[in-house]
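Overview (structure and organization)
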Amino acid sequence: MFFHPCTSYHIILFSVSSPKDFPQLKNDTFLRAARGEETEHVPVWCMRQAGRYLPEFREFRAGKDFFDTCRSPEACCELTLQPLRRFPFDAAIIFSDILVVPQAMGMDVQMVAGKGPTFPEPLKEPEDLQRLQVKVDVEKELGYVFKAITLTRHKIEGKVPLIGFTGAPWTLMSYMIEGGGSNTHSKAKRWLYRHPEASHMLLKMLTDVVVEYLLGQVAAGAQALQVFESHAGILGPVQFKDFSLPYLRDIARRVKDKLKEKGQDVPMIVFAKDAHYGLEDLSQSYYEVVGLDWTIDPRSARERTGGRVSLQGNMDPCALYSPKECISDIVRKMLEGFGTRGYIANLGHGLYPDMDPENVGTFVEAVHQHSIQMNKQV
Ligand code: 1CP
């Protein structure tokens, strides 16, 4: 195995007592782009860059339970670093999952092969909220994620910044009620129509945990934070404004206020998949970066967000099935649409397991090369 257990124990103790002794950051392109500053090239990373498309990921994960892997700081560190050994990504995202938050609140979640995440006892009616922990001890329940972040910050050796993340309240709520993935999310949406008060109660409980969780990630060493509202698209504009946006805003505002008290600041990214209707609002929600799925035209996203935020995204992940020359062309057009300033290249959603790692390399290289060329022409 790549990691020696004794060494890891040492590093964890050392870093928790003096987290400032992290190796110096060598490539801050991603952080500068997030803040809208100029960069030599457009930074690039991929959602699910630590994932099953990599043979070394499949080999490492083989035979291990998914959430046991999430609970091992050494395993999370190794899986986070794997894609960086292959590609010159400008950021890394900690290997974990959004569903560790419902677990921390007392729910059982299992990863079932061929089915995905499964809650054996999902929330059915508002009375079921009583099953959730009233006051979650985030440090105790999710300390393993913080340890993974601290360890990875050391092991990454300042190569690129490390992104921490969480699921947003509505997305987490929908899993907790659906009991797993769903096409219609009709059980969760039933709550919104039938039990709006209980829904707000649950969303508020989740928000409180998420705020503490994100602050813990920054204290552990996360240099940026992404909030995944993956199920935004299933809400219409009215429900988005009622059940998603206020909580997304509350999270960013509270995290930023707390960090400010400590003289800290980290860029925050909001990725509300398929929430076209929410773009203007999202660009005025205290996040520095708005992540975009592939169904939004880059120029129109720029117009609608009016230069208030940096943008991230948004190549169709399936474009990676194209021949290499086409990938380069698609990337060039995307860069021309967004421009090279205040922009972080990414896919419009995560990489799929059947994608060719070589094409991921072509994508990364094309972003770097085209953006360097474009910057020269200005
Ligand atoms: O065994 C495996 O490897 C299972 C595949 C897998 C992986 C690689 C799952 C199960 N989770 C992860 C890791 C993960 N999940 C990361 C870190 C890796 C990286 O991005 O490089 C992150 C950021 C997530 C976040 C996550 N989990 C989201 C938000 C992003 C998105 O995809 O919209 C969501 C919705 C989940 C839930 C989840 N976890 C796993 C699956 C297959 C799913 C989706 C289930 C469904 O709704 O059908």
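Residues numbered from 1 in each chain as written. Predicted model: local features only at pLDDT ≥ 70, side-chain atom pairs only at ≥ 80, totals over all residues. Heavy atoms only, no water.

**Here we look at the sheet that holds strand E1 (residues 92-93)**
On the basis of which strands lie adjacent, the open sheet formed by seven strands has the order E1-E4-E5-E6-E7-E8-E9 and parallel pairing. Each edge of the open sheet carries a strand with a single partner, namely E1 and strand E9 (343-347). Pairing analysis gives three bridges linking strand E7 (residues 289-291) to strand E8 (residues 310-315), with the strands arranged parallel. Along E8, the bridge assignment pairs Val-290 with Leu-311. (Pairing = 2+ DSSP bridges. Helix = DSSP H or I, 4+ residues; strand = E, 2+ residues; numbered from the N terminus.)

**Thoughts on the pattern of salt bridges**
In this structure the tally under the stated criterion is 26 salt bridges. Glu-40 is paired through a salt bridge with Arg-32; the nearest N and O atoms lie 3.2 Å apart. Among the residues examined, Glu-40 registers a relative accessible area of 47% and is labelled partly exposed. Between Arg-85 and Glu-78 there is a salt bridge, with its nearest N and O atoms 2.9 Å apart. Of the residues examined, Glu-78 reaches a relative accessible area of 6% and is grouped as buried. Each of Lys-204, Asp-208, Asp-250, Arg-253, Arg-254 and Asp-257 takes part in one network of salt bridges that share partners. (Salt bridge = Lys/Arg side-chain N within 4 Å of Asp/Glu carboxyl O. Buried < 20%, exposed > 50% of the residue type's maximum accessible area, 1.4 Å probe, protein only.)

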